[in-house]
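The primary structure of each chain is shown beneath.
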Amino acid sequence: MKKSVIVGEVADVATYAFGPTIVVTPLGALSIIIRHETSSFPKEL
């Protein structure tokens, strides 16, 4: 796994500990959508 994925998951757990679930869950879903869209762009060599 990439280091950024692990750091992101740890940050998600910390966010759930300190923030209300009703705010955190939609932001987590939005980050997944953004990550998918940005990873679908062709990478330059």
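Residues numbered from 1 in each chain as written. Predicted model: local features only at pLDDT ≥ 70, side-chain atom pairs only at ≥ 80, totals over all residues. Heavy atoms only, no water.

- Check the Subcellular location (unreviewed entry) section of the UniProt entry for the chain; it says "Membrane". (UniProt positions renumbered as here; feature names shortened; annotations may be inferred.)

Digging into the UniProt feature "transmembrane region" (unreviewed entry) in the chain
Alright, step 1. In this structure's numbering, the residues bearing the UniProt feature "transmembrane region" (unreviewed entry) are residues 13-34.
Alright, step 2. Between the C-alpha atoms that bound residues 13-34 there is a distance of 19 Å. The span itself is 91% helix and 0% strand. (Helix = DSSP H or I, 4+ residues; strand = E, 2+ residues; numbered from the N terminus.)

Brief notes about a nonpolar patch on the surface
Alright, step 1. The grouping of Ile22, Val23, Leu27, Leu30 and Ile34 at the surface amounts to a nonpolar patch, some 500 Å² of accessible area in total.
Alright, step 2. Checked against the element boundaries, Ile22 lands in helix H2 (residues 21-39).
Alright, step 3. Ile22 sits in the exposed class, given a relative accessible area of 72%. (Patch = residues over 30% accessible without salt bridge, like charges linked within 9 Å, V, L, I, M, F, W, Y side chains within 5 Å. Areas by Shrake-Rupley, 256 points an atom, 1.4 Å probe, with all protein chains shown as cover. Salt bridge = Lys/Arg side-chain N within 4 Å of Asp/Glu carboxyl O. Buried < 20%, exposed > 50% of the residue type's maximum accessible area, 1.4 Å probe, protein only.)

Some details on the environment of Thr25
Alright, step 1. Here Thr25 shows up in helix H2.
Alright, step 2. Sequence spacing of Thr25 and Thr15 is ten residues, and the spatial spacing of their C-alpha atoms is 9.8 Å.
Alright, step 3. A polar atom in the side chain of Thr25 sits 3.0 Å from the backbone oxygen of Thr21. (Polar contact = N/O pair within 3.5 Å; in protein donor to acceptor, adjacent residues only side chain to side chain.)

Side note on the environment of Ser31
Alright, step 1. Inspection of the secondary structure assignment puts Ser31 in helix H2.
Alright, step 2. A distance of 2.7 Å separates a polar atom in the side chain of Ser31 from the backbone oxygen of Gly28.

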